[in-house]
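# Analysis of the macromolecular model
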Amino acid sequence: MTKKNKLLLIDGSSIAFRAFYAIPGSLDRFVNKNGLHTNALFSFHRMLENEMSKEEPTHVLVAFDAGKTTFRHEFYKEYKDGRSKTPGEFKEQMPYLRDLLVGFGIPHYELDNYEADDIIGTLATQVDPNEYDVVVVSGDRDLTQLAKENVRVDITIKGVSEIEENTPAYLMEKYGLTPNQIIDMKGLAGDSSDNIPGVTNIGEKTALKLLHEFGSVEGVYENIEDMKKSKRKENLINDKEQAFLSKRLATIDVEAPLEVTVDDLVYKGKDVGKLIEFYKEMDFKSFLSKLDTKAYDEENQIEKAEILFEVVTEVKPEMFGKEGALYVEMLSDNYHTADIVGVTWTNGEKIYMAEPDFILAEPLFAEWLKDESIVKHVFDAKRTVVAMKRYGNEVNGIQFDVLLASYILNTNDNSKDLSEVAMEHDYYEVDSDESVYGKGAKIAIPEDPAVLYQHLARKAKAIEVLSKHLKTDLEKSEQSDLFFSMELPLSMVLAKMEMTGVKVNANRLLEMKSEFATRLTEIEARIYEEAGETFNINSPKQLGVILFEKMGLPAIKKTKTGYSTAVDVLEQLREQAPIVDDILQYRQIAKIQSTYVEGLLKVVHNATGKVHTRYVQTLTQTGRLSSVDPNLQNIPIRLEEGRKIRQAFVPSHEGWKMFASDYSQIELRVLADISNDTHLKEAFLEGQDIHSSTAMRVFGIEKAEDVTGNMRRQAKAVNFGIVYGISDYGLSQNLGITRKEAQQFIDTYFDKYPGVKQYMEDIVREAKDKGYVETLFHRRRYLKDINSRNFNLRSFAERTAMNTPIQGSAADIIKVAMIEMDKRLKAENLKATMLLQVHDELIFEAPMEEIPILEKLVPEVMEHAVKLQVPLKVDSNYGDSWYDAK
DNA sequence: ATAATCACG
DNA sequence: ACGTACGTGATTATT
């Protein structure tokens, strides 16, 4: 006997609506780049995946309600009246639901005058029960009337993933009814959501009782005379007509004149191309990366065009051309330590593949890498250069970086996975690393080397193809200069800084470690004593219980999961119990101990005693760098206790010094330039103390010496607020004043600096028009929420629109300075080396005798990196450690 | 994997 | 009325 077919029938209209409300608060979180809401699509997708993999149907259909009126309106025009209007955020998603279904390869159908129920009922009833098992999925209980021996009706309970499987047996157990009697129940009890009236004062409970006794609506009325006199009997008699009408309304038409038959519903599998298109349109990045195209292709015997390559075991000159792609594979993120597991390159004609141990020792290959005049296209230039260098090979002539270009084109594209980046640019021939190597602890090279080689060959090919495309895209968005003159050269400068690394005095850290350990034990003991018990001080949850329940301190702020025990809360409780001070002390030291002392010791390289951070150049939305493994951009400085950590950062040679230069007020200077505000420019041109100057204007003070410390402090907060995209609330929190007072400050500020006000208005308007904002050097940030109807999202996007050109232009400026600095150090033949960048400062190490040179050269270069309408100002310091360079 | 906290510009 | 300052990364606890 052949296997039975399985027909899956989905009530599209009902499920879509359920999907829309499935995830609480999802409306705000699911919006694509064009501002389209996607929450219903997301949940519908999840339901489809669940059902398809659970049921593995041979036939499938999604049925929709057609239009507003149905045959039911012909005999009851109030049918479905009184429904509240469907939200626009829901409606806008419906057209795209069709695209999703096309991607899943699932047919959909709707029929004039009929509802989805009727389509489903007709198909479920008409198929031969010997040939088909049927599963119906809906959010509407009415459909349970369709349950039969071969028909199961799945009704969503909560969201769209939890379902109740209704079989005749289940219905009998739960209600004591046959599927047909579900219709009678609606006849008596009605259904308010469909505006089916039923009988007055009869609900589900009473209807069940009546049906258990009389079997059906007809049965009830046949026996109505025998009922004893009651209000209910009266209602039944009065509403008799209504009861039969309701039953008729609730009856699913199983003979709808369908134009489709079950033979049209054979499931043929996903259309991966369409699905990818859909995911991209909706910004469903996780689905996109999870889409295992390789496994899928194999299963469906779709063969991707095989990429041809040659495995090199003996190098020949013709393998190396004047231009080509180069790719070096490593399986972990940290390229300072990762093993190279494969090397591939192209010569314009062929793709070559080689085992690293062999090829990296070949002189011909080394020469090719080193030759500046040979053009190389890569994916992640910095990663490539650093790794190669570790294996003794110098790489020159990199003229394109696909990863970096993709990030410049859209800062939202910050994936590190080549296949994801490729898909973002409509190239689908590369499998994800996850599908080839696995993930987590199980990450490994495929057993069959051919699999690895094919994967790498695809990457090489992708680099060739994408380099061309992205180059054109950069021209179109006027970002070629940004890419070729700033980002790509900078990546080489950063590579050098990372490889140089920073010397760490591990002994100093070990001293601190034992000192802090002692102090922590002391404080810990005091805390336990004051609490009257021991507990985990590091657990905000346990700490919350001790403070706010056991000790009865007032809870000032709450987090999603319980009491907040953050610093600003504890500071307010200081006076009320001595334990609070101890906890703050403990926190401060524990943080330094775990993150900085122990954390840093963990990442010092044994051989050199240095740390080698990685600057992530393709991550931030503003153009800043970030630093990982270790993060050297957040080493403590504000509190003396933590600042001492900097004593452990020392020069790598005897007699050398640490030298640091930082921009003074670079963001406000950038603002002065781009806003063109007369007074702000004037303040900088005259070299005034900017916060005092702001204080004078905002508080209406005539003479600088009359500005009090408090005024300056408040003006400083206002200036920060301006840079961040000010809000009254934010400023009020920062200054501990009321929102009204904060708003007063802001109004006065804008009054005194009309150019700044104008800038803020213009930039937000521009962002709303174009959908993005730009920096001085055409770095772009797209703001998808800028026209959102959600106040919070829109406000956030507006503040971002104000802040990004400021923060981003400042980032541009220091990047220019770094490139120039690198050139100058080389040109002047200096031993001094650039080690670190911390957003607005550069840190070097240099022999003492070069310090006087640096004191002139570094500020000179940094201050003249760009020409603004106001001068840039740089302060420099040096000392025996980073701590002393203050 | 996520939330809370806290370090930096 | 809504309810948050902009940009990051590491550690710890907890699910």
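Residues numbered from 1 in each chain as written. Chains lettered and ligands numbered in written order. Predicted model: local features only at pLDDT ≥ 70, side-chain atom pairs only at ≥ 80, totals over all residues. Heavy atoms only, no water.

## Topic: the overall build of chain A
Counting its regular elements, chain A contains 38 helices and 23 strands. For chain A, the residues scored as buried account for 53% of the 886 residues in total. Across chain A, every contact between residues at least 6 apart in sequence was considered, and the portion connecting residues at least 24 apart equals 68%. Summing over all exposed atoms, chain A offers an accessible surface of approximately 41,500 Å²; the carbon and sulfur share of this is 49%. (Helix = DSSP H or I, 4+ residues; strand = E, 2+ residues; numbered from the N terminus. Buried < 20%, exposed > 50% of the residue type's maximum accessible area, 1.4 Å probe, protein only. Contact = heavy atoms within 4.5 Å. Areas by Shrake-Rupley, 256 points an atom, 1.4 Å probe, with all protein chains shown as cover.)

## Comments concerning a negative patch on the surface
Together, Asp99, Asp271, Glu277 and Glu281 make up a negatively charged patch on the protein surface. Examined against the element boundaries, Glu277 turns out to sit in helix α14 (residues 272-282). With a relative accessible area of 51%, Glu277 lands in the exposed category. (Patch = residues over 30% accessible without salt bridge, like charges linked within 9 Å, V, L, I, M, F, W, Y side chains within 5 Å. Salt bridge = Lys/Arg side-chain N within 4 Å of Asp/Glu carboxyl O. Lys, Arg positive; Asp, Glu negative; His and termini not counted. Charge placed at Lys NZ, Arg CZ, Asp CG, Glu CD.)

## Looking at the UniProt feature "domain: DNA-directed DNA polymerase family A palm" (unreviewed entry) in chain A
Summarizing the sequence annotation, UniProt attributes the feature "domain: DNA-directed DNA polymerase family A palm" (unreviewed entry) to residues 642-850 in the numbering used throughout. Helix makes up 58% of residues 642-850 and strand 14%, with an end-to-end C-alpha separation of 30 Å. (UniProt positions renumbered as here; feature names shortened; annotations may be inferred.)

## A few points about helix α36 (residues 754-770)
If you check α36, its first and last C-alpha atoms are 24 Å apart, about what 17 residues at 1.5 Å a residue would give, namely 24 Å. Contacts from the buried residues of α36 go to α30 (666-675), α31 (678-685), α33 (709-724), α35 (739-752), β19 (772-774) and α37 (791-827). In the segment just after α36, Gly771 is the residue with positive phi, at about 85°. (Expected span 1.5 Å × (residues − 1).)

## Description of the sheet that holds strand β14 (residues 610-611)
Pairing is antiparallel across the open sheet formed by three strands, whose spatial order is β14-β13-β17. Edge strands, defined here as strands with exactly one partner in the open sheet, are β14 and β17 (649-650). Bridge count for strand β13 (residues 502-504) against β14 is two bridges, and the pairing is antiparallel. Along β14, the bridge assignment pairs Val502 with Val611. (Pairing = 2+ DSSP bridges.)

## Looking at the nonpolar core
Counting residues in hydrophobic clusters, the biggest one holds 146 residues, and the most contacted among them are Trp345, Phe365, Ile645, Phe649 and Tyr663. Here the element with the most residues in this core is helix α28 (residues 578-603); it accounts for 11 residues. When we break this core down by domain, the ones giving at least three residues each are domain 3 (302-501) and domain 4 (504-611). With sequence-adjacent residues up to four places away left out, Phe649 is seen in contact with Val502, Lys503, Val504, Leu600, Val611, Leu632, Ile635, Met658, Ser881 and Trp882. By size, the runner-up hydrophobic cluster in this structure holds 49 residues, among which are Ile202, Leu210, Val217 and Ile224. (Core = buried A, V, L, I, M, F, W, Y, C linked by side-chain atoms within 4.5 Å. Domains from an automatic or database assignment.)

## Focus on the protein's contact with DNA strand B
Near DNA strand B there are 21 residues, and of these Val567, Arg587, Ile637, Arg638 and Asp840 occur at the shortest range. Within 4 Å of the protein, the contacting atoms of DNA strand B are 78% sugar and phosphate, with bases supplying the remainder. Broken down by element, the surface near DNA strand B gets its largest block of residues, three residues, from α28. Classifying every residue of the surface near DNA strand B by side-chain character gives seven nonpolar, eight polar and six charged. (Near = heavy atom within 4 Å. Nonpolar A, V, L, I, M, F, W, Y, C, P; charged D, E, K, R; others polar.)

## Things to note about the domain arrangement of chain A
On domain assignment, one finds that chain A holds domain 1 (1-166 + 258-288), domain 2 (173-251), domain 3 (302-501), domain 4 (504-611) and domain 5 (667-809). Residue-level contacts link 12 residues of domain 3 with six residues of domain 5. Contact between domain 3 and domain 5 buries roughly 760 Å² in total, counting both sides, with carbon and sulfur atoms accounting for 46%. Among the residues of domain 3 in contact with domain 5, Thr411, Leu482 and Met486 are the three that bury the most area, contributing 39% of the side total. At the surface where domain 3 touches domain 5, the tally comes to one salt bridge. Arg779 is paired through a salt bridge with Glu487; the nearest N and O atoms lie 2.7 Å apart. Elements represented by at least two residues in the side of domain 3 that touches domain 5 include exactly α20 (402-409) and α24 (480-500). (Buried area = accessible area lost by both parts, 1.4 Å probe.)

## Section: the sheet that holds strand β12 (residues 398-401)
Read from one edge to the other, the open sheet built from six strands follows the order β7-β10-β9-β8-β11-β12, with strand pairing classed as mixed. Only two strands of the sheet have a single neighbouring strand rather than two, namely β7 (310-311) and β12. As defined by bridge partners, strand β8 (residues 323-330) adjoins strand β11 (residues 375-378) across three bridges and the pair is classed as parallel. In the sheet register, Glu323 faces β11, and the bridge partner there is Val375. Contacts from helix α23 (residues 449-476) reach β7, β8, β9 (340-346), β10 (351-354), β11 and β12, with the element oriented near 130° to β8. (Axes fitted to C-alpha atoms, helices over the stretch in contact; angles between N-to-C directions.)

## Focus on the protein's contact with DNA strand C
In the neighbourhood of DNA strand C, 39 residues make up the surrounding shell, with Ser539, Ser626, Tyr729, Arg781 and Arg799 lying closest. Contact distances for DNA strand C include 2.7 Å between a base oxygen and a side-chain N or O atom of Arg739. Secondary structure elements with two or more residues in the surface near DNA strand C: α26 (540-550), α28, β16 (626-628), α33, α34 (728-735) and α37. Looking at which element gives the most residues to the surface near DNA strand C, the answer is α37, with seven residues. A per-class count over the surface near DNA strand C returns nine nonpolar, 22 polar and eight charged. (Polar contact = N/O pair within 3.5 Å; in protein donor to acceptor, adjacent residues only side chain to side chain.)

## Re the packing of aromatic side chains
Evaluated as defined, the whole model comprises 28 aromatic pairs. For the ring pair Trp345 and Phe365, a centre distance of 5.0 Å and an interplane angle of 50° mean the geometry is tilted. On the criterion of sequence distance, the pair formed by Trp345 in strand β9 and Phe365 in helix α18 (residues 363-370) is long-range, its members being 20 residues apart. For the pair Trp345 and Phe365, one class covers both residues: buried. Where Phe649 meets Trp882, the ring centres are 5.3 Å apart and the plane angle is 90°; that geometry is what we call edge-to-face. Of the two residues, Phe649 sits in strand β17 while Trp882 sits in the segment after β23 (873-879), which places them 233 residues apart along the sequence. By way of ring pairs, the aromatic residues Phe30, Phe42, Phe278, Tyr279 and Phe284 are connected into one cluster. Note that Lys376 overlies the ring of Trp368, its terminal NZ or CZ placed 5.4 Å from the centroid. In this arrangement the basic side chain of Arg697 is found over the ring face of Tyr753, its NZ or CZ atom lying 5.9 Å from the centre. (Phe/Tyr/Trp six-rings, centres within 6.5 Å; stacked < 30°, edge-to-face > 60°. Lys NZ or Arg CZ within 6 Å of the ring centre and 35° of its normal.)

## Remarks on the pairing of strand β1 (residues 5-11)
Counted residue by residue, β1 has five buried out of seven residues, so it is predominantly covered. For β1 and strand β2 (residues 59-64), the ladder comprises five bridges, and the chain directions are parallel. Pairing of Ile10 across the sheet is with Val62, part of β2.

## Regarding the pairing of strand β4 (residues 132-138)
With six of seven residues buried, β4 lies mostly within the body of the structure. Here β1 pairs with β4 via six bridges, running parallel. Bridged to Leu8 within β4 is Val135.

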